[in-house]
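Summary of structural features
If you want the building blocks of each chain, they are given just below.
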Amino acid sequence: NAGVTQTPKFQVLKTGQSMTLQCAQDMNHEYMSWYRQDPGMGLRLIHYSVGAGITDQGEVPNGYNVSRSTTEDFPLRLLSAAPSQTSVYFCATGRVHNSPLHFGNGTRLTVT
Amino acid sequence: AQKITQTQPGMFVQEKEAVTLDCTYDTSDPSYGLFWYKQPSSGEMIFLIYQGSYDQQNATEGRYSLNFQKARKSANLVISASQLGDSAMYFCAMREGRGTQGGSEKLVFGKGTKLTVNP
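Attention here is on the structure that accompanies the text. (Residues numbered from 1 in each chain as written. Chains lettered and ligands numbered in written order. Predicted model: local features only at pLDDT ≥ 70, side-chain atom pairs only at ≥ 80, totals over all residues. Heavy atoms only, no water.)

Our next topic: the overall build of chain B. A tally of regular secondary structure across chain B gives zero helices and 12 strands. When the helices and strands of chain B are placed in sequence order, the string is β-β-β-β-β-β-β-β-β-β-β-β. At 14 Å, chain B has a C-alpha radius of gyration in line with the 14 Å of a compact globule built from 119 residues. Dimensions along the principal axes, computed over C-alpha positions, put chain B at roughly 45 × 30 × 25 Å. Within chain B, buried positions represent 48% of all 119 residues. Intrachain contacts of chain B at a sequence separation of at least 6 include 56% that bridge at least 24 residues. (Helix = DSSP H or I, 4+ residues; strand = E, 2+ residues; numbered from the N terminus. Rg over C-alpha atoms; globule rule 2.2 N^0.38 Å. Buried < 20%, exposed > 50% of the residue type's maximum accessible area, 1.4 Å probe, protein only. Contact = heavy atoms within 4.5 Å.)

Written as structure tokens, this is what we have:
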């Protein structure tokens, strides 16, 4: 039982490159989300989804796209990477209710 | 305006003593949930404790308890009998919404408190 799996663990991009951060869960959770963590800023919500086919923006959505074609997967796409997107990215999943989120182990992204 | 405020960037406590980490929140939604997470230096996010807005009693989980004061909008985490392994970042978070698909389900985090347990 893998829980929440994020890939890759580390990534270095050049400015302007695009990439997709993968998030997969096997807990049949309706709710999936992406956060970024920057020093002194806590975790900030990028995008979230309450079910397949439904996505919405969080606090810092600019520069990122998401889609939710299946319950299991919620990829985060960086269309044109910028140094400001250097961060640690977490995928988190949960039930659509006041239940705790389960986090992946994070992806450390550096944009040069 | 910040929805979750953690006013203590860093806290120090002696091993075996209790420590309280402060958290205040701001919401007009009557239905919400409050969470505490621990992030050790290895980076993973570990769920510690949850308090629902309608819960009558303060939540407890082992050495963790949540001092929930609804009128003051505070949800402080109390760690009893601190251990060296408790040294970590601690995040308070709030989820608003009614739990139905299509509702506003967003977990908002505070900026965290770094706890150091001294031997």
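The discussion continues.
Moving on to the pattern of salt bridges. Residue and element names in this part refer to chain B. Evaluated as defined, the whole model comprises five salt bridges over all chains. A salt bridge links lysine 73 to aspartate 26; the shortest N-O distance between them is 3.9 Å. One end of the pair, lysine 73, is in the loop between β8 (64-69) and β9 (74-79); the other, aspartate 26, is in the loop between β4 (24-25) and β5 (32-39), with 47 residues separating them in the sequence. Using a relative accessible area of 29% as the deciding quantity, one classes lysine 73 as partly exposed. Accessibility expressed as a relative area gives 39% for aspartate 26, which makes it partly exposed. (Salt bridge = Lys/Arg side-chain N within 4 Å of Asp/Glu carboxyl O.)

Residue and element names in this part refer to chain B. Along the chain, threonine 7 falls in the loop between β1 (4-5) and β2 (10-14). Taking relative accessible area as the criterion, threonine 7 reaches 56% and is therefore assigned exposed. Along the primary structure threonine 7 and proline 30 are separated by 23 residues, whereas in three dimensions their C-alpha atoms are 24 Å apart.

Right, let's talk about unusual backbone geometry for a bit. With an omega of -5°, the peptide bond between threonine 7 of chain A and proline 8 of chain A qualifies as cis. Structurally, proline 8 of chain A can be placed in the loop between β1 (4-7) and β2 (10-13). The backbone of asparagine 28 of chain A sits at a positive phi, close to 60°, despite the residue not being glycine. Position of asparagine 28 of chain A among the secondary structure elements: in the loop between β3 (19-25) and β4 (31-38). Overall, asparagine 28 of chain A belongs to the exposed group, its relative accessible area being 53%. Look at lysine 16 of chain B: it is not a glycine, yet its phi comes out positive at around 80°. Checked against the element boundaries, lysine 16 of chain B lands in the loop between β2 and β3 (19-21).

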